[in-house]
Amino acid sequence: MRRGSLVQLILVAIAAAAAGTAIALLPNWLPQPASREAGRIHFVFWFLTGICIFIFSIVASVTAYAVVKFRRKPDDDSDGPPIHGHTGLEITWTAIPAILVTAITIVSAIVLAKDDAAGANPLRVNVVAQQFAWSFYYPAYGNKRSGILRLPVHRSVLLRMTSKDVVHSFWVPEFSQKQDVVPGLHPTLHITPTRVGTYPVICTELCGLGHALMRSQTIVMTETAFDKWAHGAQTAAAVGGGGSSIFNQQGCTACHRLAAAGATGTIGPDLDKLAVEAQRAGKPLASFVRESIVAPNAYVEKGYPKGIMPQDFGTKLSKTQLDALVRFLVSSAKKGTK
Ligand code: CUA
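Residues numbered from 1 in each chain as written. Predicted model: local features only at pLDDT ≥ 70, side-chain atom pairs only at ≥ 80, totals over all residues. Heavy atoms only, no water.

1. A look at helix α2 (residues 36-69)
Test applied: Where helices and strands are cited, they refer to DSSP runs of H or I of at least four residues and of E of at least two residues respectively, numbered from the N terminus. To estimate the expected span of a helix, subtract one from its residue number and multiply by 1.5 Å. Think of it in three bands: residues with accessible area under 20% of the maximum for their type are buried, residues over 50% are exposed, and the middle band is partly exposed, with areas taken using a 1.4 Å probe on protein chains only. Any two residues whose heavy atoms approach within 4.5 Å at even a single point are treated as in contact.
When the terminal C-alpha atoms of α2 are compared, their 50 Å separation across 34 residues agrees well with the 50 Å that a helix rising 1.5 Å per residue should span. When we look at burial in α2, the residues that qualify are Glu37, Ala38, His42, Val44, Thr49, Ile51, Ile53, Ser57, Ser61 and Tyr65. The elements touched by buried residues of α2 are α1 (3-25), α3 (87-116), β7 (177-181) and β8 (188-191).

Shown next as structure tokens:
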């Protein structure tokens, strides 16, 4: 190959590498990592992307060069020269990818091993997924329950997951890890939060009608703030002394519309029309509401499928919680009809 051709090849390769780098960097593809594990995963991502850009620039330059340089001339019907292999070239294009793939394997294996190492004393949190809400339990703090995943910053955390019904998947984009929650299995996920802040918890496995709304939050707090919260008595708001917070925590908002709770779900009956629905069912409002929570299949509003509403609220909620929830729904229904 002449020197001029080689320079052309290199110029095209540089242009292709620049274009590839721009596409990789300019849109913000990844969220700012908020855990040590996410930082390592991002490193693997960029390591891989760098290799891809390198390969892309070589392939693009050789292809562009060949298309321009060896273009068929008009009326040229001759065959190309007969070439039977090129040992040097074949060894090169086998060896380079082999080295790169091995490097990717080693880097990934190191990151996976490091990300899984929870240390001797992680904070354990039991994550329970159920159509269509997340619950978080803290065994070290009297099995304290929360609808929001609260975590202390810089502490190694081990999440142990359980599904009560179908396959869900736990995902916090800023933590860069997803974990399927399969019924019957109890997968774990290790996280070391590095940034105080609030991030979304998203269900990322199609799990039914309310899947898109199966969301919660994770709040990464300072150690002191977390200790204060964890040791604090189960406040009315946390356990759900207030009907509206029970409504939110139990995931009712995912499926029902209720102006008083800012809920806009459309999977289950519209709870702003509870009064009318009770009339249709031919029952007094308060007992209709209670029955619909405890035994949801006893009467199902027309146009809505049976068996979608979870049937364990009667056992899951304490008597006080159930009373508060009924009171809240009845009072908002009465306000709605005025
Ligand atoms: Cu749970 Cu999607």
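Now, onward.
2. Re a nonpolar patch on the surface
The following threshold applies: Excluding any residue in a salt bridge, patches collect residues exceeding 30% relative accessible area, merging like charges within 9 Å and nonpolar Val, Leu, Ile, Met, Phe, Trp and Tyr side chains within 5 Å. Surface accessibility follows the Shrake-Rupley procedure with a 1.4 Å probe radius. Residue values consider only the protein chains on display as shielding. We define a salt bridge as a side-chain nitrogen of Lys or Arg found within 4 Å of a carboxyl oxygen belonging to Asp or Glu.
A cluster of nonpolar side chains, Phe54, Ile55, Ile58, Val59, Val62 and Ile96, forms an exposed patch at the surface whose accessible area comes to about 490 Å². With five residues, the top contributor of residues to the nonpolar patch is α2. The residue phenylalanine 54 is located in helix α2 in this model.

3. Some points on the domain arrangement of the chain
For an interface, size is often stated in terms of accessible area lost upon the parts coming together. As a reminder of what qualifies: Boundaries of every domain are those given by an automatic assignment or by a domain database.
Per the domain assignment, the segments of the chain are domain 1 (3-68 + 87-115), domain 2 (123-238) and domain 3 (243-336). Look at where the C-alpha atoms of domain 1 and domain 3 centre, and you get two points 55 Å apart.

4. Description of the pattern of salt bridges
Throughout the structure, instances matching the rule amount to eight salt bridges. Among the salt bridges present, the one from lysine 283 reaches glutamate 291, with a minimum N-O distance of 3.0 Å. For glutamate 291, a relative accessible area of 25% gives the class partly exposed. One network of salt bridges, with partners in common, ties together Arg290, Lys319 and Asp323.

5. Quick word on the sheet that holds strand β1 (residues 123-130)
Strands pair in a sheet through their backbones, by hydrogen bonds, and they do so in one of two ways: parallel or antiparallel. To keep things clear, this is the line we draw: Here, any two strands with at least 2 DSSP bridges between them count as paired. Here the axes come from fitting lines to C-alpha atoms, over the contacting stretch only for helices, and the angles between their N-to-C directions go from 0 to 180 degrees.
Strand order in this open sheet of five strands is β3-β2-β1-β5-β8, and the pairing throughout is mixed. Only two strands of the sheet have a single partner each, and these edge strands are β3 (144-146) and β8. Pairs of neighbouring strands in the sheet enclose a mean axial angle of 25 degrees, with direction left out of account. As judged from the seven bridges shared by β1 and strand β5 (residues 157-163), these two strands associate in the parallel manner. Bridging from a neighbouring strand, arginine 124 pairs with leucine 158 of β5.

6. Focus: helix α7 (residues 274-281)
Spelled out, the test is: Directions drawn from the helix axis to the C-beta atoms are what define this arc.
Every buried residue of α7 is listed here: Leu274, Ala275, Glu277, Ala278 and Ala281. Looking straight down α7, one finds that the buried residues subtend no more than 165 degrees of arc, so they occupy a single side. For α7, exposure combined with an orientation more than 90 degrees from the buried face picks out Gln279 and Arg280. Among the residues trailing α7, glycine 282 stands out with phi positive, at a value near 70 degrees.

7. Structural notes on the pairing of β5
Counting buried residues along β5, five of its seven residues qualify, which places the element largely inside the surrounding structure. Bridge count for β5 against β8 is four bridges, and the pairing is antiparallel. Each bridged residue has a counterpart across the sheet, and for leucine 158 the counterpart in β8 is histidine 190.

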